[in-house]
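# Architecture and fold: a report
The primary structure of each chain is shown beneath.
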Amino acid sequence: MEILRMLKSDKVEVVSMAETASGHADYIKDIFDEWMESGVFLKAVIDGRIVGIIHVRVFKDFAWLEGLRVHISHRRRGIGRLLTLKAMGISRSKVIRLLIRKNNKPSLALATSLSFRQIDKIYYHGGTSKSFSEISMSLGLKRAKETLQCGYMDGWRWFPREYYLSSLFIGTSDNEEIVALETSPIFLVKGNIKGIEHASRNPRGGSCFIVLEYNSMDVVKLA
Ligand SMILES: CC(C)(COP(=O)(O)OP(=O)(O)OC[C@H]1O[C@@H](n2cnc3c(N)ncnc32)[C@H](O)[C@@H]1OP(=O)(O)O)[C@@H](O)C(=O)NCCC(=O)NCCS
């Protein structure tokens, strides 16, 4: 098996492999072109066929892993682990993070076996996709003076609070106070907005995702 850089011409094969791997329509088809432009997009290849993929994006003081998929006929042969380790090595980051749906036992088992540990829990609420400005206009959100006290999601990546450079916004939805961030999709630190796609810390009606972190300094201390 070889681990190689993705090529633009791999798109059709990758989309088909990812949809079989996930068992449903996969967001990889929408994000493929963007991932070719930013970060490092890797593929695992056996006999000329793509059997696994992963994308890594490096930020100021951490790397973010995403899009790990292994072909359904090639599971439990170490491909997922190898792709993850390769992406971790390429990133050269001391801190590496990723997001896994709470009920995804194989992926959680893989991450914990590589010393990733839970650092946060986020809820995803499906619904109509709307920009921050559309939501802000319809709810009459106002800038608040407070600063953010917790990590947050933007573009389906988790960031520590120091990365958030805009304001917090307050308003009400269904007679409940909301505290929102200017992210895509909108992130709610407090409250709920029914029927609109958003991420939040509110479990009500949401799908739970676990944010995990690998910190090489902790691993060195344990060794
Ligand atoms: C999660 C996934 C990438 C794992 O790929 P894989 O190549 O089968 O994983 P590996 O063979 O490298 O497994 C490494 C370790 O992960 C854990 N693991 C993997 N699959 C597992 C399963 N079905 N049940 C329990 N543990 C599992 C084990 O600890 C395993 O080590 P072991 O085989 O020595 O016991 C694969 O199942 C997949 O593509 N799933 C669908 C897409 C997905 O969920 N992606 C992750 C989104 S965050």
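Predicted model, so just to flag it, every value in this text is computed and none were measured. (Residues numbered from 1 in each chain as written. Predicted model: local features only at pLDDT ≥ 70, side-chain atom pairs only at ≥ 80, totals over all residues. Heavy atoms only, no water.)

## Re helix 1 (residues 11-22)
Worth spelling out the cut-off: Counting from the N terminus, the helices are the DSSP runs of H or I reaching at least four residues and the strands are the DSSP runs of E reaching at least two. For a helix, the expected span equals 1.5 Å multiplied by the number of residues minus one. Categorising residues by exposure relies on relative accessible area from a 1.4 Å probe, with only protein chains included: less than 20% of the type maximum marks a residue as buried, more than 50% marks it as exposed, and the intermediate range marks it as partly exposed. Think of the arc as the fan of directions from the helix axis to the C-beta atoms. Whether two residues are in contact is decided by their heavy atoms, any of which lying within 4.5 Å being enough.
The end-to-end C-alpha separation of helix 1 is 16 Å, in line with the 16 Å expected for 12 residues at 1.5 Å each. Among the residues of helix 1, Val14, Val15, Met17, Ala18 and Ala21 are the ones counted as buried. Each buried residue of helix 1 sits inside an arc of 170° when the element is viewed along its axis, so together they form one side. On its buried face, helix 1 sits against helix 2 (28-37), strand 3 (49-58) and strand 4 (63-70). Glycine 23 sits one or two positions beyond helix 1 and adopts a positive phi of about 80°.

## Quick notes on the sheet that holds strand 6 (residues 117-125)
To be explicit about the condition: DSSP-based pairing: two strands are paired if at least 2 bridges between them are found. To get an axis, fit a line to the C-alpha atoms, keeping to the stretch in contact for a helix; angles then go from 0 to 180 degrees between the N-to-C directions.
As summarised here, the arrangement of the 12 strands in space is 1-2-3-4-5-14-6-13-12-11-10-7, forming an open sheet in which the pairing is mixed. One side of each edge strand has no neighbouring strand; the edge strands of this open sheet are strand 1 (2-5) and strand 7 (142-144). Here the average twist between neighbouring strands, direction ignored, is 35°. In this sheet, strand 14 (residues 207-215) lies alongside strand 6 in antiparallel orientation, the contact comprising seven bridges. When the bridges of strand 14 are listed, tyrosine 123 appears paired with cysteine 208.

## Overview of the pairing of strand 2 (residues 40-46)
Walk down a regular strand and you will see the side chains alternate between the two sheet faces. In terms of burial, strand 2 is largely enclosed, as six of its seven residues are buried. Two strands pair when backbone bridges link them, and strand 1 and strand 2 are joined in this way by four bridges, in the antiparallel orientation. Counterpart to arginine 5 in the pairing with strand 2 is leucine 42. Sheet analysis places strand 2 next to strand 3, joined by seven bridges and oriented antiparallel. The residue of strand 3 that forms the bridge with isoleucine 46 is arginine 49. Connecting strand 2 to the next strand, strand 3, in antiparallel fashion are two residues, including aspartate 47 with a positive phi near 50°.

## Section: the pattern of salt bridges
Selection rule: Only one rule defines a salt bridge in this text: a Lys or Arg side-chain nitrogen within 4 Å of an Asp or Glu carboxyl oxygen.
By the definition in use, this model includes 13 salt bridges. Between lysine 11 and aspartate 33 there is a salt bridge, with the nearest N and O atoms lying 3.2 Å from each other. Residue lysine 11 is found in helix 1, and its partner aspartate 33 is found in helix 2; the two are separated by 22 residues along the sequence. Its relative accessible area of 26% is what places lysine 11 among the partly exposed residues. Residue classification places aspartate 33 among the partly exposed residues on the basis of a relative accessible area of 46%. Linking arginine 204 and glutamate 176 is a salt bridge whose minimum nitrogen-to-oxygen distance equals 3.3 Å. Of the two residues, arginine 204 is situated in the loop between strand 13 (198-200) and strand 14 and glutamate 176 in strand 11 (residues 176-181); the sequence distance between them amounts to 28 residues.

## A few points about the side chain of threonine 183
Note that threonine 183 resides in the loop between strand 11 and strand 12 (187-190). Overall, the relative accessible area of 6% leaves threonine 183 in the buried class. When residues no more than four places from it in sequence are discounted, the contact partners of threonine 183 are Phe132, Tyr152, Met153, Asp154 and Tyr164.

## What to know about the packing of helix 1 against helix 2
Definition in use: Orientation is classified from the angle alone, with under 35 degrees giving roughly parallel, over 145 giving roughly antiparallel, 65 to 115 giving roughly perpendicular, and any other angle giving oblique. Handedness of a helix crossing follows the sense of rotation of the near helix relative to the far helix, less than a right angle counterclockwise being left-handed and clockwise being right-handed. Charged means Asp, Glu, Lys or Arg here, nonpolar means Ala, Val, Leu, Ile, Met, Phe, Trp, Tyr, Cys or Pro, and polar covers whatever is left, Gly included.
One can describe the packing of helix 1 onto helix 2 by two numbers: an axis separation of 10 Å at closest approach and a directional angle of 140°. In terms of orientation, helix 1 and helix 2 fall into the oblique class. The interaxial crossing formed by helix 1 with helix 2 has right-handed handedness. Of the residues in helix 2, those in contact with Lys11, Val14, Val15, Ala18 and Glu19 of helix 1 are Ile28, Lys29, Phe32 and Asp33. Here the contact of helix 1 with helix 2 is composed, by residue class, of five nonpolar, no polar and four charged.

## Things to note about the domain arrangement of the chain
To keep things clear, this is the line we draw: Domain start and stop positions are those given by an automatic or database domain assignment. The term buried area denotes the loss of accessible surface (1.4 Å probe radius) that occurs when two parts are joined, taken as the sum for both partners.
With domains assigned, the chain is organised as domain 1 (2-93) and domain 2 (124-208). Between the C-alpha centres of domain 1 and domain 2 there is a distance of 29 Å. Contacts between the two partners involve nine residues from domain 1 and, on the opposite side, six residues from domain 2. For domain 1, the biggest contributors to the area lost against domain 2 are Phe59, Phe62 and Trp64; these three give 65% of the whole. At the boundary of domain 1 with domain 2, the tally comes to one salt bridge. When the shortest N-O distance is used, the salt bridge between arginine 157 and glutamate 66 registers 2.8 Å.

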